[in-house]
Amino acid sequence: MAEIPSDFSIQHLAPQHIDDLLKIAEEQLGSGYLNPHFLKSHLDDDNLIALVALVGDEVAGFSLMELCSVDDLAKKVEVERSWLDINFVNFDPIGYRKITAVKKSLSGRGIGSLLVAAGMAELQKHSKAVVSVAWKSSDGGVHIGKLAQKHDWIPMREIAHYWREDSIKNQYSCSSCGQPPCTCSAVVYAKFYN
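Residues numbered from 1 in each chain as written. Predicted model: local features only at pLDDT ≥ 70, side-chain atom pairs only at ≥ 80, totals over all residues. Heavy atoms only, no water.

Q: An account of the side chain of Lys191 is requested, with residue identities and associated values reported.
A: Its place among the elements puts Lys191 in strand E7 (residues 185-192). Within the structure, Lys191 has its side chain in polar contact with the backbone oxygen of His151 (distance 3.1 Å). Excluding its chain neighbours within four sequence positions, the residues that come into contact with Lys191 are Met120, Lys128, Ala129, Val130, His151, Asp152 and Trp153. (Helix = DSSP H or I, 4+ residues; strand = E, 2+ residues; numbered from the N terminus. Polar contact = N/O pair within 3.5 Å; in protein donor to acceptor, adjacent residues only side chain to side chain. Contact = heavy atoms within 4.5 Å.)

Laid out in structure tokens, this is it:
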């Protein structure tokens, strides 16, 4: 792994970062996966957290998170409310790690790991449980599997063809599968704090 550049920093999302985040998202997550309106919502809502990694003035990556109720999490993660009630009783709000992506040309330098750590620290200020949905490609690789193990996240369940309907509805191309429908699965991870 290459070293973290000396001019590396992490800060909260600002309006001037949005175009760069969209480019990184397209490169790493597929065309049309994020849109400007969605990213701009992270500027105005105290429950939405967006961190941006910079190398000098260049946007190197980003991480999107949210604080939400169990009801909202059930809708966002598309799992049964009863499953959440069993596994996340007495946790409200719950931190939800949505997305972390790093520019391909800067990957392998630990930037993603630092973004995840900074995001988890931010969420831990407000919640004792954090949920993350990791992308598991059709070849079986889990997008943040090594990172999840490094941070002691617990794999809670796997959901087959997790993005299928969403990719069809919103017409985005998966970086693994290509054009809709996406056939990737999801692994739901959790991290609990005392």
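Q: Describe the nonpolar core, and please don't skip the residues or the numbers.
A: Judged by nonpolar contacts, the single largest core of 26 residues is most densely connected at Leu73, Val77, Leu84, Phe88, Val133 and Trp163. Among the secondary structure elements, those contributing two or more residues to this core are helix H3 (70-77), helix H4 (81-87), strand E4 (94-102), strand E5 (129-136) and E7. Excluding residues within four positions of it along the chain, Leu73 makes contact with Cys68, Glu78, Leu84, Ile94, Tyr96 and Val131. By size, the runner-up hydrophobic cluster in this structure holds 24 residues, among which are Val116, Met120, Ala148 and Val187. (Core = buried A, V, L, I, M, F, W, Y, C linked by side-chain atoms within 4.5 Å. Buried < 20%, exposed > 50% of the residue type's maximum accessible area, 1.4 Å probe, protein only.)

Q: Explain the environment of Glu27 residue by residue, including any values.
A: Positionally, Glu27 belongs in helix H1 (residues 18-29). For Glu27, a relative accessible area of 32% translates into the label partly exposed. Between the C-alpha atom of Glu27 and that of Ser9, which follows or precedes it by 18 residues, the distance is 22 Å. Discounting chain neighbours no more than four positions away, the residues touching Glu27 are Val102, Lys103 and Lys104. Engagement of the side chain of Glu27 in a polar contact is seen with the backbone nitrogen of Lys104, the distance being 2.8 Å.

Q: Let's hear about the sheet that holds strand E1 (residues 8-12): which residues, and what values?
A: Pairing within the open sheet is mixed, and its seven strands lie in the order E1-E2-E3-E4-E5-E7-E6. A strand with exactly one partner marks an edge of an open sheet, and here the two such strands are E1 and strand E6 (154-159). Going from strand to strand, the sheet's axes swing by 25° on average, the running direction of each strand aside. Note: E6 against E7, five bridges, orientation antiparallel. The residue of E7 that forms the bridge with Ile154 is Ala190. In the packing of helix H5 (residues 111-124) onto the sheet, the strands contacted are E1, strand E2 (48-55), strand E3 (58-68), E4, E5 and E7, and the crossing angle to E4 comes to about 160°. (Pairing = 2+ DSSP bridges. Axes fitted to C-alpha atoms, helices over the stretch in contact; angles between N-to-C directions.)

Q: Any details on unusual backbone geometry? Residues and values, ideally.
A: In the segment running from Asp92 into Pro93, the intervening peptide bond is cis, with an omega of 5°. Checked against the element boundaries, Pro93 lands in the loop between H4 and E4. Residue Pro181 is reached from Pro180 by a cis peptide bond, and omega for that bond is 5°. One can find Pro181 in the loop between helix H7 (164-170) and E7. Even without being a glycine, Glu78 presents a positive backbone phi close to 60°. Examined against the element boundaries, Glu78 turns out to sit in the loop between H3 and H4.

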